[in-house]
Amino acid sequence: MRLLLAEDDPELSQNLRKQLKKQGFAVDIADNGVDAEFMGNEEPYDTVILDLGLPQRSGLEVLKNWRKQNNAVPVIVLTARDAWHERVDGFKAGADDYLGKPFHFEELLMRTQALLRRHHKSIGDNIESSGLTLDEERQTVTLATGVRVDLTGTEFRLLRYFMLNPDKILTKTRLTEHVYDQNFDKDSNLIEVYVRHLRQIIGKESIITKRGQGYIFKGKSASHPI
Ligand code: CA
């Protein structure tokens, strides 16, 4: 999952990025509204965390512009703690959730994870698909057999994206864009390597290769031949 963090306080944004990365998110930062709006339109973010008080262009204006251009990216707005009118304005402009500053990182994380699950119509605390249960906190996957396996950061990010987008053709480019941030050297051959790792963990039949197109994660419980 790739996030855009639009926040002009460098200390806060660096700190949040560090913590979000630890939780398996690829994070890009925009420190002003003009860059934020541009990046949000150019890059396929899974969620945006948008400070309303941004220089050059306000977060509210950025959000309005995205929605006007039918950009439906999920957005959590960061507002001043007691400014109820900011929250109302945020929702009117198309926000999906809000958080008043200052906040605890855990709350931002929970809201981000909940928003992503809602967006991908997954219910409950963990992401479940195809007999697999992904624990976002521990970055582990529990197989249908009950065996729990630790995942590396990249394996976790890739599997989460697969599980939230089952039964769709996902190109290597798309997977790369959602698994890595913009500073990463986007070598899509790496995706092949990680898909191979994941297949060793969750079973070959769970991820199908569509030649020349990409991969499909099988959403239904894979049936084993008898
Ligand atoms: Ca600000």
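Residue positions are given per chain, counted from 1 along the sequence in the order it is written. Totals for whole chains, interfaces and linings use all residues, but because this is a predicted model, local features are given only for residues with pLDDT of at least 70 and pairs of side-chain atoms are given and counted only at 80 or more. Side-chain measures were taken over the full set of non-hydrogen atoms in the model, leaving aside hydrogen atoms and water.

Attention now moves to the sheet that holds strand β7 (residues 132-135). Across a sheet, strands are paired by hydrogen bonds formed along the backbone, either parallel or antiparallel in direction. Two strands qualify as a pair provided that DSSP identifies no fewer than 2 bridges between them. Under the scheme used here, helices are H or I runs from DSSP no shorter than 4 residues and strands are E runs no shorter than 2 residues, and both carry numbers assigned from the N terminus. Spatially, β6-β7-β8-β9 is the arrangement adopted by the 4 strands of the open sheet, whose pairing is antiparallel. Edge positions in the open sheet fall to β6 (127-129) and β9 (148-150), since each of these has one partner strand only. Strand after strand, the sheet turns through a mean of 20 degrees between neighbouring axes, direction not considered. The sheet contact formed by β7 and strand β8 (residues 140-142) spans 3 bridges and is antiparallel. Bridged to T133 within β8 is T142. Every residue pair with non-hydrogen atoms within 4.5 Å of one another is taken to be in contact. The axes are straight lines fitted to the C-alpha atoms, using for helices just the contacting stretch, and the angles between their N-to-C directions are given from 0 to 180°. Across the face of the sheet, helix α6 (residues 153-164) comes into contact with β6, β7, β8 and β9 while running at roughly 130 degrees to β7.

We now examine the pairing of strand β2 (residues 26-30). Judged by how many residues are buried, β2 sits mostly within the fold: 5 of 5 residues are covered. Burial of β2 is two-sided: the residues A26, D28 and A30 facing one way and the residues V27 and I29 facing the other way are all buried. Two elements, strand β1 (residues 2-6) and β2, share 5 bridges in a ladder whose sense is parallel. Within β2, the residue paired with L4 across the bridge is D28. By convention, orient the strands away from the viewer: a clockwise path from the first strand over the helix to the second makes the crossover right-handed. Read from β1 through helix α1 (residues 10-22) to β2, the crossover connection turns out right-handed. Whether a residue is buried, partly exposed or exposed follows from its accessible area with a 1.4 Å probe, protein chains only, as a fraction of its type maximum: under 20%, in between, or over 50%, in that order.

What follows concerns the sheet that holds strand β3 (residues 47-51). On the basis of which strands lie adjacent, the open sheet formed by 5 strands has the order β2-β1-β3-β4-β5 and parallel pairing. Looking at the sheet topology across the chains shown, the edges are occupied by β2 and β5 (97-101). For this sheet, the mean angle separating the axes of adjacent strands, direction not counted, is 20 degrees. When β1 meets β3, the two strands line up parallel, connected through 4 bridges. Directly across from L3, in β3, lies its bridge partner T47.

The analysis is restricted to geometry; functional conclusions fall outside its scope.
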